[in-house]
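Coordinates in review
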Amino acid sequence: MARETVNDLVAFLAVARERSFTRAAAQLGVSQPALSHTISTLEARLGMRLLTRTTRSVAPTEAGERLRQTIGPHFDGIEAGLAALTALREKPAGNLRITSVEHATDTILAPALTKLVPEYPDINVEIINDYGLIDIVADRYDAGVRLGEQVANGMIAARIGPDFRQAVVGAPAYFKQRRQPRTPHDLTEHACINLRLPTTGGLWTWPFAKNGHELKVRADGQLVFNTITMMLDMALAGLGLAYLPEDVVRTCIADGRLVRVLADWCQPVSGYHLYYPSRRLPTPAFALLVEKLRYGGASRPKALHKS
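This report concerns the structure included in the present document. Since we're looking at a predicted model, the values are computed, not measured. Position numbers for residues count from 1 along each chain, tracking the sequence in the order it is written. Two thresholds apply to this predicted model, a pLDDT of at least 70 for residue-level local features and 80 or more for giving and counting side-chain atom pairs, whereas whole-chain, interface and lining totals are computed over all residues. Hydrogens are left out, water is left out, and the side-chain values use all remaining heavy atoms of the structure.

Right, let's get into the pattern of salt bridges. Should a side-chain nitrogen of Lys or Arg be within 4 Å of a carboxyl oxygen of Asp or Glu, the pair is scored as a salt bridge. Evaluated as defined, the whole model comprises 12 salt bridges. As a salt-bridge pair, glutamate 126 and arginine 97 come within 3.6 Å of each other at their nearest N and O atoms. Of this pair, glutamate 126 sits in strand β4 (residues 123–129) while arginine 97 is found in strand β3 (residues 94–100), placing the two residues 29 residues apart along the sequence. Burial classes: relative accessible area under 20% of the type maximum marks a residue as buried, over 50% as exposed, and values in between as partly exposed (1.4 Å probe, protein chains only). Its relative accessible area of 38% is what places glutamate 126 among the partly exposed residues. Helix and strand assignments come from DSSP, with helices taken as H or I runs of at least 4 residues and strands as E runs of at least 2, each series counted from the N terminus.

This part is about the sheet that holds strand β13 (residues 259–261). In spatial order, the strands read β12-β7-β13; together these 3 strands make up an open sheet with antiparallel pairing. The sheet is open, and its two edges are formed by β12 (242–245) and β13, each paired on a single side. Across the sheet, the mean angle from the axis of one strand to that of its neighbour is 50°, orientation sign disregarded. Note on pairing: DSSP must find at least two bridges between two strands before they are called paired. Looking at chain direction, strand β7 (residues 166–170) and β13 are connected through 3 bridges and run antiparallel. Residue pairing across strands places glycine 170 opposite valine 259, the latter belonging to β13. Fitting a line to C-alpha atoms yields each axis, with helices limited to the stretch in contact; the angle taken between N-to-C directions then spans 0 to 180 degrees.

Turning to the side chain of aspartate 142, a few remarks are in order. Locating aspartate 142 in the fold gives a position in the loop between β4 and β5 (143–147). We call two N or O atoms a polar contact when they sit within 3.5 Å, provided that within protein one can donate a hydrogen and the other can accept it, with sequence-adjacent residues counted only if both atoms are side-chain atoms. Side-chain polar atoms of aspartate 142 contact the backbone nitrogen of arginine 97, separated by 2.7 Å.

On to the packing of aromatic side chains. Note on ring pairs: Phe, Tyr and Trp rings are taken, using the six-membered ring of Trp, and paired if centres are within 6.5 Å. Classes follow the plane angle, with under 30 degrees stacked, over 60 edge-to-face and the rest tilted. Enumeration over the complete set of coordinates arrives at 6 aromatic pairs. Between phenylalanine 208 and tyrosine 243 the ring centres are 5.2 Å apart and the planes differ by 50°, which places this aromatic pair in the tilted class. Here phenylalanine 208 is found in strand β9 (residues 206–210), whereas its partner tyrosine 243 is found in strand β12, with 35 residues between them in sequence. In terms of burial, phenylalanine 208 and tyrosine 243 fall into one category: buried. Placement of a charge over a ring requires the Lys NZ or Arg CZ to be within 6 Å of the ring centre, with the centre-to-atom vector within 35 degrees of the ring normal. The residue whose ring lies beneath arginine 97 is tyrosine 141, and the NZ or CZ to ring-centre distance is 4.1 Å.

Here we take up the layout of surface pockets. Its volume calculated, the second largest pocket comes out at about 910 Å³. Around the second largest pocket, the lining comprises 33 residues; the ones closest to its centre are Leu147, Glu149, Gln150, Trp204 and Pro207. Every element with two or more residues in the lining of the second largest pocket is listed here: β5, β9, β10 (213–217) and β12. When residue character is reported, Ala, Val, Leu, Ile, Met, Phe, Trp, Tyr, Cys and Pro are called nonpolar, Asp, Glu, Lys and Arg charged, and the others, Gly included, polar. Tallied by class, residues from the lining of the second largest pocket come to 21 nonpolar, 8 polar and 4 charged. As defined here, a cavity is a set of points on a 1 Å grid over the protein atoms alone where a 1.4 Å probe fits but cannot get out. A pocket is an open set with protein on both sides within 12 Å along at least five of seven lines, and residues line them when an atom is within 4 Å of a point. Grid points are joined across faces, edges and corners, and a volume is the space filled by probe spheres set on the points.

As structure tokens, then:
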């Protein structure tokens, strides 16, 4: 196969996976016009269109999707083989790309990286905070971090944090205008600060449980954010109730800036897990990351198989 064809296929895979010429060009280190020309040349050589382009999006055609599924695993295997060669180096090296959520990044990943990165200067780590449940294989992540019950079927998962509780909180100024809720049903009378879920575009439903009875509440309010930092700030400003991890609001509750309600309805949730595909060939850098993150000296990572 000619070198030009290999380069063109690499370019095609980048665009097909990113669904964007802009992001793919940045990933490949080329200009967007040059990348567009490369794809057009490949399509002309094959005699068929591989990508459908609109002003807002890029998507593979039927032929393009078939090509992506056929050649993608082979190129992934080449990348994995090259990455595995780092085992021959004195220290682990390579790039690690992880999808996580803001809370797990702040409380678990960031503290671990402050120790890992200085000790291993040849390891590069990219963390993308995203509350959506994404396909880490299709989106080319090395691993994901989510709560235990959110880990997809068939993934290898390693616990990296303890179970924890959530807390519904509001500022004292807020409760001067409204009565404190006694049950989750009372939240319909309150202004709630919501979290947007990018996967579905909907709002996160607030989970509650007590005496074996579980329910989820679709909280209403004027404010919607995609970070818990903004939710906390607005709760402190007295603009509504927020449902946040207990450790995030513990100090604010202790010093009186926030008041906790419905504590008896907020049960522990499963801790965070690092997960990755079972067929993934771990590089030395990735294996090191798993060891650094594993919680409480837990046993080896295991595959999750859900019924």
